[in-house]
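# Commentary on secondary and tertiary structure
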Amino acid sequence: MKISIKDIVKGNKPIVCLTSYTAPMAKIVDPLVDLILVGDSLGMVVYGFENTLPVTIDMMIAHGAAVVRNAEHALVVVDMPFGTYEHSKEEALKNAQRIMKETGCAAVKPEGGEELAETVRYLVDNGVPVMGHVGLMPQSIEKMGGFKIQGRGDAGAQKVMADAKAIEAAGAFCVVIEGTIEPVAKDITEALTIPTIGIGASPACDGQILVVDDILGMFSAFTPKFAKRYVELAPIVANAVKTYADEVRSGTFPTIGHCFLPK
Ligand code: KIV
């Protein structure tokens, strides 16, 4: 059964979310999770950028459409990349509608708290479902001075709480809390009526999300503390590639069995 936004609610069962960026990965992930995020983390994971700032709306649309075409079960959300929603709520709506029209996704995810609430309200009022994203916001690394854990001290805790509450009040159906100290993420989860989705946040969150290449041990540029690796695929892939290269060089691949013969 296809999961809809109405199914993403606070309840007894944790909400399982994972990123995917390509058709083959979406096919594998789709039946096993509740929500697939086509995250702008693809800038680092797929394109090898240092951060997510260079990601364009065209990249998000190409990858978003590939994932949507291969997701029969999970709800698919596509990230709004840096520079596509901050300038004005009208521009945010135009870009969010383009992402939804051209990918077929169910919702979009911009990053931001209190300062973004009016835009989120405008998107929701105009038929664009929004997943919020507060705490550590990778698109704001220049402003935050790097990938810094949020919620420290009274002022830090109050800021993330206020951001989450503002995004809930603006009509988001759920909110990602990234890189935030645990008691604050827990307090936010208790304070909100919409589900919280944690990444480097708290087991108390209503759901969890990770980057798929991180859990598979495929992305080695930087592994954050919260990214549990369930398998180490990179050495397995390297070994297969080495065997192929050795066989081509030694003439043991291809064999006649791999060739098309005349009838
Ligand atoms: O871009 C991304 O993949 C994300 C999640 C990891 C929350 O925003």
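What comes next is a walk through the structure.

Cut-offs and rules
- Residues numbered from 1 in each chain as written.
- Predicted model: local features only at pLDDT ≥ 70, side-chain atom pairs only at ≥ 80, totals over all residues.
- Heavy atoms only, no water.
- Pairing = 2+ DSSP bridges.
- Helix = DSSP H or I, 4+ residues; strand = E, 2+ residues; numbered from the N terminus.
- Salt bridge = Lys/Arg side-chain N within 4 Å of Asp/Glu carboxyl O.
- Buried < 20%, exposed > 50% of the residue type's maximum accessible area, 1.4 Å probe, protein only.
- Near = heavy atom within 4 Å.
- Polar contact = N/O pair within 3.5 Å; in protein donor to acceptor, adjacent residues only side chain to side chain.
- Areas by Shrake-Rupley, 256 points an atom, 1.4 Å probe, with all protein chains shown as cover.
- Contact = heavy atoms within 4.5 Å.

Further remarks concern the pairing of strand β8 (residues 207-210). Bridge count for strand β1 (residues 15-19) against β8 is four bridges, and the pairing is parallel. Bridge pairing links Leu18 to Leu210 in β8.

Next up on the list: the pattern of salt bridges. Applying the stated rule across the entire model yields 11 salt bridges. Its salt-bridge partner being Asp125, residue Arg121 comes within 3.0 Å of it at the nearest N-O pair. Here Arg121 and its partner Asp125 are both found in helix α5 (residues 117-125), four residues apart, which amounts to about one turn of the helix. Exposure remark for Asp125: the relative accessible area of 55% places this residue in the exposed category. Where salt bridges share partners, they join Asp58, Arg98 and Glu102 into one cluster.

This next bit is on the site of the ligand. What surrounds the ligand is the set Thr19, Leu37, Gly39, Asp40, Ser41, Asp79, Lys109, His133, Val176, Ile199 and Val211. Here an oxygen atom of the ligand and a side-chain polar atom of Asp40 are 3.0 Å apart. Within the side chain of Asp79, one N or O atom sits 3.1 Å away from an oxygen atom of the ligand. For the ligand, the accessible surface in isolation is 250 Å², of which the surrounding protein chains cover 96%.

As for its position among the elements, Val55 is in the loop between α2 (42-45) and α3 (57-69). Along the chain, Val55 and Lys94 lie 39 residues apart, while their C-alpha atoms are 18 Å from each other. Residues within four places of Val55 in sequence aside, it is in contact with Asp40, Leu42, Gly43, Met60, Pro81 and Phe82.

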